[in-house]
Amino acid sequence: MKRLEVSCLILILVLVSFRYTEQLWKTPTDWPEPVYNFKKNPLDSATIQLGRVLFYDPVLSSDSTISCASCHSPYNAFTHVDHALSHGIKDRIGTRNSPVLVNLAWGKSFMWDGAVNHLDMQALAPLENHLEMDENLSHVLKKIGRQEKYKRLFKLAFHSETITGERFLKAISQFMLTLVSSNSKYDQVTRGDKGIQFTEQEKKGYELFKANCASCHTEPLFTNHTFQNNGLAPDSLLQDIGRMKITQRQTDSLKFKVPTLRNIERSAPYMHDGRYRSLQMVLFHYSSDIHSSPTLASQLRNGINLSEDDKRNLIAFLKTLTDNTFLNNKQFQYPRTLE
């Protein structure tokens, strides 16, 4: 085949991939453009389904008891709610609370300390962590390579039964990229959906939010993706220094990634170590229990002055960020039809 014909064929395939990605992905109205580069991993329905099956398969752990979904339940905004710290195989206790998995295409880094700087690499962190799945990628690939189910799914996704680490990781990324939450009451109000309005209490809470919280929990993603020291007293047992563990800079001591507040009503317990089990406890911390240290966020130097009514109003607004369409989306749940 002539060079020009080959070039034209490659261009056609690229354009088809881009068009398919656009059919499976749509940036919500008035949202910023995603950070993730879809050109290097164009979305494909078969690859998404492969990633979904992998996400729920405990074979990814060394004793086949723990899947990604064990710590990231779709009913709880893809986190866990029954304990403060993540649990791994053989009841090993992790050192941090599992973060929610939502709107990941806008993420610049991942994990509470930003240890992972690309979504395609994120799955390796729990997979190879001794306290979590305690596996290694090459062994996982051998295990799934022995299953006819995966030979079939990889062929559908990549037109080849060959199972590679790159394909494995990109498939999981594709599934996680679909976890977009953008249809809460807040979204419906801001879009101007007919018949949807904030209550008076929610309106008051929204004004309090914009005055006291939005500098870090920036709309519409409700995070600014930075790392901040939010005034938590260090846990003497965990001795978690946060972002400093990665950068080795003293100025990053006790700084953790600002989490999104989307679906916050359903994602307790809160903070990087899951120390607070309710939103009331969180607001008590910000209004009355800030721990002062050299790296404390400047916005919190004087605490946040909130009355009891303010707290109730603010919680009413935070509950408008609950997206039941997202939480109940069957496309995100255990893929029974693919067993």
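Residues numbered from 1 in each chain as written. Predicted model: local features only at pLDDT ≥ 70, side-chain atom pairs only at ≥ 80, totals over all residues. Heavy atoms only, no water.

## Re empty space enclosed by the protein
- Considering all chains together, one arrives at 1 cavity of 30 Å³ or more under this definition.
- Taken together, 14 residues line the largest cavity, and the ones lying closest to its centre are Leu 232, Pro 234, Leu 254, Phe 256 and His 272.
- Of the residues assigned to the lining of the largest cavity, the class counts are 6 nonpolar, 4 polar and 4 charged. (1 Å grid on protein atoms, 1.4 Å probe; cavity = no way out; pocket = protein on both sides within 12 Å on 5 of 7 lines; lining within 4 Å. Points joined across faces, edges and corners; volume = space filled by probe spheres on them. Nonpolar A, V, L, I, M, F, W, Y, C, P; charged D, E, K, R; others polar.)

## Digging into helix α7 (residues 148–158)
- All buried positions along α7 are accounted for by Tyr 150, Leu 153, Phe 154 and Ala 157. Viewed along the axis of α7, the buried residues span an arc of 100°, placing them on a single side of the element. Seen from the buried face of α7, the exposed residues on the opposite side, beyond 90 degrees, are Glu 148 and Leu 156.
- His 159 sits one or two positions beyond α7 and adopts a positive phi of about 60°. (Buried < 20%, exposed > 50% of the residue type's maximum accessible area, 1.4 Å probe, protein only. Helix = DSSP H or I, 4+ residues; strand = E, 2+ residues; numbered from the N terminus. Arc of directions from axis to C-beta.)

## Overview of the packing of helix α12 (residues 279–288) against helix α13 (residues 308–318)
- Where α12 contacts α13, the two axes come as close as 10 Å, and the packing angle between them is 125°. Compared by their axis directions, α12 and α13 come out oblique. In the crossing of α12 with α13, the sense of the turn from one axis to the other is right-handed. Facing α12, whose interface residues are Leu 279, Gln 280, Leu 283, Phe 284 and Ser 287, α13 presents Lys 311, Leu 314 and Ile 315. (Axes fitted to C-alpha atoms, helices over the stretch in contact; angles between N-to-C directions. Parallel < 35°, antiparallel > 145°, perpendicular 65-115°, else oblique. Left-handed = near helix turned anticlockwise from the far one by under 90°. Contact = heavy atoms within 4.5 Å.)

## Quick look at the nonpolar core
- Grouped together as the largest cluster of nonpolar side chains are 53 residues, with contacts concentrated most on Leu 54, Leu 60, Ile 144, Tyr 150 and Phe 168.
- When contributions to this core are tallied by element, the ones reaching two or more residues are α2 (45–55), α3 (68–71), α5 (124–127), α6 (137–145), α7, α8 (165–177) and α14 (324–327).
- In this view, Leu 54 contacts Leu 60, Ile 144, Tyr 150, Phe 168, Ala 171 and Ile 172; residues no more than four positions away in its chain are not counted.
- One finds Tyr 206, Met 271, Tyr 276 and Phe 317 within the second-largest nonpolar core, a separate group that totals 29 residues. (Core = buried A, V, L, I, M, F, W, Y, C linked by side-chain atoms within 4.5 Å.)

## Focus: the side chain of Ser 98
- Inspection of the secondary structure assignment puts Ser 98 in the loop between α3 and α4 (119–122).
- For Ser 98, a relative accessible area of 7% corresponds to the buried category.
- A distance of 3.4 Å separates the side chain of Ser 98 from the side chain of His 80, its partner in a polar contact.
- Non-local contacts of Ser 98, meaning those with residues more than four positions away in its chain, are made with Cys 71, His 72, Thr 79, His 80 and Ser 86. (Polar contact = N/O pair within 3.5 Å; in protein donor to acceptor, adjacent residues only side chain to side chain.)

## Concerning α12
- Taken as a whole, α12 has its buried residues at Leu 279, Val 282, Leu 283, His 285 and Tyr 286. Along the axis of α12, the buried residues cluster in a sector spanning 150°; they form a single face.
- Looking at the buried positions of α12, the neighbouring elements they touch are α13.

## Let's talk about the pattern of salt bridges
- All chains considered together, the criterion is met by 16 salt bridges.
- In this structure, the salt-bridge partner of Asp 57 is Lys 149, at a minimum N-O distance of 3.8 Å. With Asp 57 in the loop between α2 and α3 and Lys 149 in helix α7, this pair connects stretches of sequence that are 92 residues apart.
- Judged by relative accessible area, which is 12%, Asp 57 ranks as buried.
- Given the relative accessible area of 22%, Lys 149 is considered partly exposed.
- Across the pair Lys 311 and Glu 308 runs a salt bridge whose closest N-O atoms are separated by 3.2 Å. In this pair, Lys 311 and Glu 308 both sit in helix α13, 3 residues apart, roughly one turn of the helix.
- On the accessibility criterion, Lys 311 (11% relative accessible area) is buried.
- Overall, the relative accessible area of 49% leaves Glu 308 in the partly exposed class.
- A single salt-bridge network, built from bridges that share partners, covers Arg 96, Asp 113 and Asp 240. (Salt bridge = Lys/Arg side-chain N within 4 Å of Asp/Glu carboxyl O.)

## Focus: unusual backbone geometry
- Pro 220 follows Glu 219 through a cis peptide bond whose omega is -5°.
- Structurally, Pro 220 is set in the loop between α10 (200–212) and β1 (227–228).
- Following Ala 268, the chain continues into Pro 269 via a peptide bond in cis, with omega recorded as 5°.
- Within the fold, Pro 269 resides in the loop between β2 (256–257) and α12.

## Side note on the confidence of the model for the protein chain
- Summing up the model confidence of the protein chain, the mean pLDDT is 92 and the portion of residues at 70 or higher is 92%.
- In this model residues 1–20 is a low-confidence stretch, pLDDT under 50, and it forms 6 contacts with partners more than four residues away in sequence or in other chains. (pLDDT = per-residue confidence, 0-100.)

## Details of the state of the cysteines
- Per the stated rule, a full pass over the model turns up 0 disulfides.
- Counting only cysteine sulfurs, Cys 213 is the nearest neighbor of Cys 216, a cysteine outside any disulfide, at a range of 9.2 Å.
- Classification of Cys 216 by relative accessible area gives buried; the value is 13%. (Disulfide = S-S within 2.5 Å.)

## A word on the packing of aromatic side chains
- Per the stated rule, a full pass over the model turns up 21 aromatic pairs.
- Three or more aromatic residues joined by ring pairs form one cluster here, namely Phe 55, Tyr 56, Phe 78, Phe 175, Phe 326, Phe 332 and Tyr 334.
- Sitting above the plane of the Tyr 206 ring, Lys 210 keeps its charged end 4.3 Å from the centroid.
- Directly above the aromatic system of Phe 227 lies the positively charged group of Arg 243, at a separation of 4.4 Å from the ring centroid. (Phe/Tyr/Trp six-rings, centres within 6.5 Å; stacked < 30°, edge-to-face > 60°. Lys NZ or Arg CZ within 6 Å of the ring centre and 35° of its normal.)

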